[in-house]
Amino acid sequence: MSSNGKPTPQPPAAAAAGGPPKMYQRPIYRPQQGGGKRRRGGRSCPFSCCCCFFWSVLVILLLAFIAAVVGGAFYLMYRPHRPAFTLSAARVSKLSLSSSAAAPTLTSAVQFTLTAKNPNKKLVYFYDDFTVTAATAANGVPLGEAAVPGFAHEAGNITVINGTVSASALTVDPAAASSDIKKSGSFPITLDLETKAGVKVGGLKTKKIGIRVHCEDIKVTAPAPPPLAKKKKLTKGADAPSKSPAAKKPAADAPSKSKSVADAPSAKAVADAPAPAAVADDAPATAEAATTVARVCQVRIRVKIWKWTF
């Protein structure tokens, strides 16, 4: 009993056992491990990555095998070959380099004849418009550019391409131009044609890709300047008959009048004699020199990746 007359409460266990009272102890918390499914899921993560990698490699190898089989079958059926381009002839019809030491200008015209051959029996090539450029072989001094319309190249067909690469008052490097361009004698140049080409097989057309036709080691000769000295001989011969009447006047009273008249035609003959010779000498000077014949050109495929073209 307590001092105030109320009974003292006791724990039920102590009252039942009749023993001394026991203090309450809080149970210790022990974290439980995850279930079996969670453990199996954690262990399967590396295994799933390996499976993904394995299946990816297997799919890539399978696609490569299928592409190789299709490519081999296509090659055996059609035997594809690249088109062949041959430079038949090229000549320089105009070449003028100004004498300015600081910024010389070039005016030129290069005529060329190119032969394109499709050696395939079942493939048809179709080209976009060609962009043609010419330059010197040593330092790459530009000689001009031109545009040639595209065409469809049928199987086994031979097409002749004619064009003229020209430049008018083009500013060039003085050092390179003076060493590469020769006003007399031959010098080598290069010719490049760029376009996009596609292939047609039956009713199927492929996507067009860039190609470049490169012709090198083309030796050309500058045209000879017109002869100015030989034109003066023609003017002297034209003046000769005008002097003959003056020579007749003092001999009009002489008894040998018939002799002086007989000499007049011989003077005209001497004056007119150099004229045919001058025309004969001018003929080879105006003729333009031909250049390399049957020069095989290289056909290269140009691949563009983002900003770079290879």
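Residue positions are given per chain, counting from 1 as you read along its sequence in written order. Only residues with pLDDT of 70 or above have their local features reported here, since the model is predicted, and side-chain atom pairs are shown and tallied only from 80 upward, although totals for entire chains, interfaces and linings are computed over all residues. Hydrogens are left out, water is left out, and the side-chain values use all remaining heavy atoms of the structure.

**As for the overall build of the protein**
Inference 1: Within the protein, the regular secondary structure consists of six helices and 14 strands.
Inference 2: We call two residues contacting when some pair of their heavy atoms lies within 4.5 Å. The contacts in the protein between residues at least 6 apart in sequence include a share of 73% that link residues at least 24 apart.
Inference 3: Accessible area for the protein stands at about 21,800 Å²; split by element, carbon and sulfur atoms hold 62% of it. Going along the chain from the N terminus, every DSSP run of H or I of four or more residues is numbered as a helix, and every run of E of two or more is numbered as a strand. For every accessible area listed, the method is Shrake-Rupley and the probe measures 1.4 Å; residues are considered covered only by the protein chains on display.

**Considering the nonpolar core**
A general trend in soluble globular proteins is that nonpolar side chains are found buried together.
Inference 1: Here, the term nonpolar core denotes a set of buried Ala, Val, Leu, Ile, Met, Phe, Trp, Tyr and Cys residues that are joined through side-chain atoms within 4.5 Å. For each residue, the accessible area found with a 1.4 Å probe, counting protein chains only, is set against the maximum for its type, and the residue is called buried under 20%, exposed over 50%, and partly exposed in between. Ranked by internal contacts, the top residues of the largest apolar core, which has 37 residues, are Phe85, Phe112, Leu114 and Leu191.
Inference 2: The residues touching Leu191, leaving out its near neighbours within four places in the chain, are Leu87, Phe112, Val132, Thr133, Ala134, Val165, Val213, His214, Cys215 and Ile218.

**A look at the pattern of salt bridges**
Inference 1: We define a salt bridge as a contact between a side-chain nitrogen of Lys or Arg and a carboxyl oxygen of Asp or Glu at a distance within 4 Å. One pass over the full model with this rule turns up two salt bridges.
Inference 2: The partner of Lys208 in a salt bridge is Asp128, with the nearest N and O atoms 2.4 Å apart. Here Lys208 is found in the loop between strand S9 (204-205) and strand S10 (209-221), whereas its partner Asp128 is found in the loop between strand S3 (124-127) and strand S4 (130-136), with 80 residues between them in sequence.
Inference 3: Judged by relative accessible area, Lys208 falls into the partly exposed class, the value being 31%.

**Re the confidence of the model for the protein**
Inference 1: Confidence in the prediction of the protein, expressed as mean pLDDT, is 75, and 63% of residues score 70 or more.
Inference 2: A residue's pLDDT is simply how confident the predictor is in it, with values from 0 to 100. Between residues 236-288, whose pLDDT stays under 50, and residues either more than four places distant or in other chains, the model counts 14 contacts.

**Structural notes on the pairing of strand S5 (residues 142-148)**
Inference 1: Here a strand pair is declared whenever DSSP counts at least two bridges between the two strands. The pairing of S4 with S5 spans six bridges and is classified as antiparallel. The residue bridging Val132 from the neighbouring strand is Ala146, located in S5.

**Notes on the side chain of Asp192**
Inference 1: Examined against the element boundaries, Asp192 turns out to sit in strand S8 (residues 186-201).
Inference 2: For the buried Asp192, no salt bridge exists, and the shortest N-O distance to an oppositely charged side chain is 5.0 Å, to Arg212.
Inference 3: Separated by 2.5 Å, the side chains of Asp192 and His214 make a polar contact.
Inference 4: Sequence-distant contacts of Asp192, defined by excluding residues within four places in its chain, comprise Thr131, Val132, Thr133, Val213, His214 and Cys215. When charges are counted, neither His nor the chain ends are considered; positive counts come from Lys and Arg and negative counts from Asp and Glu. Within 3.5 Å is the distance limit for a polar contact, defined as a pair of N or O atoms, with the added protein rule that one can donate a hydrogen and the other accept it, and that residues adjacent in sequence qualify only through two side-chain atoms.

**Structural notes on the state of the cysteines**
Inference 1: Here, a disulfide means two cysteine sulfur atoms that sit within 2.5 Å of each other. Inspection of every chain in the model, using the stated rule, returns one disulfide.
Inference 2: Two residues, Cys215 and Cys297, share a disulfide whose sulfurs are 1.9 Å apart. On the sign convention where negative means left-handed, the S-S torsion of about 105° between Cys215 and Cys297 marks this disulfide as right-handed. Residue Cys215 is found in strand S10, and its partner Cys297 is found in the loop between strand S11 (295-296) and strand S12 (298-302); the two are separated by 82 residues along the sequence. Considered together, Cys215 and Cys297 belong to a single accessibility category, that of buried residues.
Inference 3: Note on Cys50: no disulfide assigned, nearest cysteine sulfur contributed by Cys49 at a separation of 6.9 Å.
Inference 4: On the basis of relative accessibility, which here comes to 53%, the residue Cys50 falls in the exposed class.
Inference 5: Cys51 forms no disulfide, and the closest cysteine sulfur to it belongs to Cys52, at a distance of 7.0 Å.

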